[in-house]
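Residue-level listing of the chains:
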Amino acid sequence: MDLILASQSATRRRILNSARISAQFMSPQIDEENITKSLIAEQALPRDIADTLAEHKALKISRKNPDSWVIGCDQILVFEGEIFGKPASPEALKTSLSRLSGKTHRLITANVIYKDSKPQWRHISISHMSMRFMSAAEIDAYIEAYWEDVKHSAGGYHFEKTPDLFADVRGNWFDIMGLSIGPIISFLNQTNTTAPFQTPKLAAVLGHPIAQSKSPLMHGHWLKKHQISGDYFAIDIPPARFSETVRMLFDLGFSGFNVTIPHKEQALAFADDATPRAQRIGASNTLIKKDNGNITADNTDGYGFMTNLISQSTTWQPSAGPSLVLGAGGAARAILVALLDAGAPKIYLCNRTRARAEDLAAEISDLIEVIEWQDKEDILPKVFTVVNSTSLGMIGKPALDFDLTHVNPRALVADLIYAPLETQLLKGARARGCEVVGGIGMLLHQGVPGFEAWFGTRPVVDQELETLVLT
Ligand code: NAP
């Protein structure tokens, strides 16, 4: 099917790509401002203005491409009967955001399909967007951070970048993004006799900050590799807005989320129920919407850690003898639970701040014995597994000062750090004959259960993925 999207919007392109619909993208270049002015003068309704603008765009491209199916799109923001266009300047944006703050506006999305200069199909959706109250200082900070991103958007916001600006939204993710892909797919599937398209499923990683996350790269790779109709985003949510924003995103159609620092505890509290491992760890890195609408919290960090160790070593048995875990932060919780669940008979836990290790041991199991940070070398001859779950040894952090002279050469030494790929700890352990395992595999494997739950296919962790994530 020869399809053209008459739009320059990267967001709309992304939606078509995520639905595995191949199309050409053409810019229709119509005089939107004048057409809108004359429609307003004729007292046209906002929905008719959006529809007419979408038609003009589709028609212009269709005239030159009569054999193609052409999708035309337009979006209009309406508040108190007034149409809000693209902000002309930061000052204009300040005025419009001050008016929208704490109020509900309508976002009208019109999509039409033309062929041979004749309309074939049309669809109009209206989303109700309730912006939370923003102080003047918050508006200033927002404009300073996002002006370049939002200056071409009606109303001056990018919902996908800052959904936390909204207290409540009634609608559907794709309508808000400007392309009503579900109805478009229904039309295309009726018209097109070949491959049926499917509405993309949606997932995202939520954190604060989130720009550094490798998860979009990883899940994007799996979606492409397995030819799945779906999309995966990175969304920054400030901690104070976590629950409301996640609830809203689920209501808009998301299947689930990965959750990272600082939201893992809040994610567990937010969910309707939790897997036993998430409950024992006391934090969640994966939220899944079930068929009955309930949200389940899982924690796949320990699963990722253990799967990585098992896949890297042919001989290692967690039950072979005691383990030593360095660190008592968020990651250590998952490691301790995973080692115990896999049969570790005893774990020595050692952390710079001893009290933190004691709290963790008391919470998790009496098989965990806390030792002093300076005694970590003394315990080495006794242990069969050594895990560094501190941030020491990571690029940009201090080195881990750890003398391995007395390490058991039959021990497996694992580091959660993956930058650098092989830490000084692993180099030293390898030189002493130990099996060593780095942290990258944990990162890759922890993503598998979430991807399978949201997108319905169990993805593969392979060298291609590792190379992609590391470059
Ligand atoms: P976290 O909650 O911030 O904990 C950091 C840990 O490092 C604490 O135990 C802390 O000890 C210790 N630490 C920090 N600076 C130290 C120093 N100068 N001397 C001694 N100990 C120090 O972090 P996290 O989430 O547990 O993550 C820990 C590491 O694991 C990070 O490097 C992270 O990138 C990595 N990680 C990797 C994966 C993966 O998939 N491979 C997953 C999760 C985490 P105190 O309690 O005394 O502050």
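Worth saying up front: this structure is predicted, and the values here are computed from it rather than measured.

Enquirer: Sorry if this is basic, but what is going on with the site of the ligand here?
Expert: In the region of the ligand, 21 residues are neighbours, and Ala-331, Asn-351, Thr-353, Arg-356 and Leu-416 sit closest. Asn-351 places a polar side-chain atom, nitrogen or oxygen, 2.7 Å from an oxygen atom of the ligand. Between Thr-353 and the ligand, the recorded distance is 2.5 Å, taken from a side-chain N or O atom to an oxygen atom. Relative to its unbound accessible area of 920 Å², the ligand is 77% covered by the protein chains. Of all the elements in the fold, those that place two or more residues in the shell around the ligand are helix H13 (330–341) and helix H16 (440–446). For the shell around the ligand, the class distribution of residues is 10 nonpolar, nine polar and two charged.

Enquirer: Can you walk me through the sheet that holds strand S17 (residues 385–388) in this structure?
Expert: Strands belonging to one sheet form pairs held by backbone hydrogen bonds; the direction of such a pair is parallel or antiparallel. One open sheet accounts for six strands, arranged S16-S15-S14-S17-S18-S19; its pairing is parallel. Because the sheet does not close on itself, it has two edges, and the strands there are strand S16 (368–371) and strand S19 (435–437). Recorded for the sheet is a direction-independent mean angle of 20° between the axes of neighbouring strands. Where strand S14 (residues 323–326) meets S17, four bridges bridge the pair, whose relative direction is parallel. In the strand pairing of S17, Val-325 is matched with Val-387. Each of S17, strand S18 (412–415) and S19 touches helix H15 (residues 424–431); the most contacted strand, S18, lies at about 165° to it.

Enquirer: Sorry if this is basic, but what is going on with the pattern of salt bridges here?
Expert: Side-chain pairs of opposite charge can arise whenever the charged atoms involved come near each other. This structure, assessed with the given rule, holds 26 salt bridges. The partner of Asp-51 in a salt bridge is Arg-122, with the nearest N and O atoms 2.6 Å apart. Remark: Arg-122 occurs in strand S6 (residues 118–131) and Asp-51 occurs in helix H3 (residues 46–64); sequence separation between them is 71 residues. Take Asp-51: its relative accessible area is 11%, and that puts it in the buried class. Measuring nitrogen to oxygen at the nearest pair gives 3.5 Å for the salt bridge that ties Arg-99 to Glu-80. Of this pair, Arg-99 sits in helix H4 (residues 90–100) while Glu-80 sits in the loop between strand S3 (69–79) and strand S4 (82–84), and the two are 19 residues apart along the sequence. For Arg-99, a relative accessible area of 30% gives the class partly exposed.

Enquirer: Looking at this model, I keep getting lost on the packing of aromatic side chains. Mind explaining?
Expert: Given two aromatic rings, one states the distance between the centres and the angle between the planes to describe the pair. Summed over the entire model, instances satisfying the criterion amount to 18 aromatic pairs. The ring of Trp-373 carries the charged tip of Lys-376 above its face, separated from the ring centre by 4.1 Å.

Enquirer: When you look at unusual backbone geometry in this model, what are you seeing that I'm missing?
Expert: Leaving glycine out, the prevailing phi sign among residues is negative, and the prevailing peptide bond configuration is trans. Cis geometry is adopted by the peptide bond preceding Pro-209, which originates at His-208 and carries an omega value of 0°. Cis geometry is found at the peptide bond from Ala-419 to Pro-420, where omega equals 10°. Here Pro-420 shows up in the loop between S18 and H15. Here Gln-29, not a glycine, exhibits a phi torsion of approximately 50°, which is positive. Its place among the elements puts Gln-29 in the loop between strand S2 (24–25) and helix H2 (32–41).

Scoring rules and cut-offs
- Residues numbered from 1 in each chain as written.
- Predicted model: local features only at pLDDT ≥ 70, side-chain atom pairs only at ≥ 80, totals over all residues.
- Heavy atoms only, no water.
- Near = heavy atom within 4 Å.
- Polar contact = N/O pair within 3.5 Å; in protein donor to acceptor, adjacent residues only side chain to side chain.
- Areas by Shrake-Rupley, 256 points an atom, 1.4 Å probe, with all protein chains shown as cover.
- Helix = DSSP H or I, 4+ residues; strand = E, 2+ residues; numbered from the N terminus.
- Nonpolar A, V, L, I, M, F, W, Y, C, P; charged D, E, K, R; others polar.
- Pairing = 2+ DSSP bridges.
- Axes fitted to C-alpha atoms, helices over the stretch in contact; angles between N-to-C directions.
- Contact = heavy atoms within 4.5 Å.
- Salt bridge = Lys/Arg side-chain N within 4 Å of Asp/Glu carboxyl O.
- Buried < 20%, exposed > 50% of the residue type's maximum accessible area, 1.4 Å probe, protein only.
- Phe/Tyr/Trp six-rings, centres within 6.5 Å; stacked < 30°, edge-to-face > 60°.
- Lys NZ or Arg CZ within 6 Å of the ring centre and 35° of its normal.

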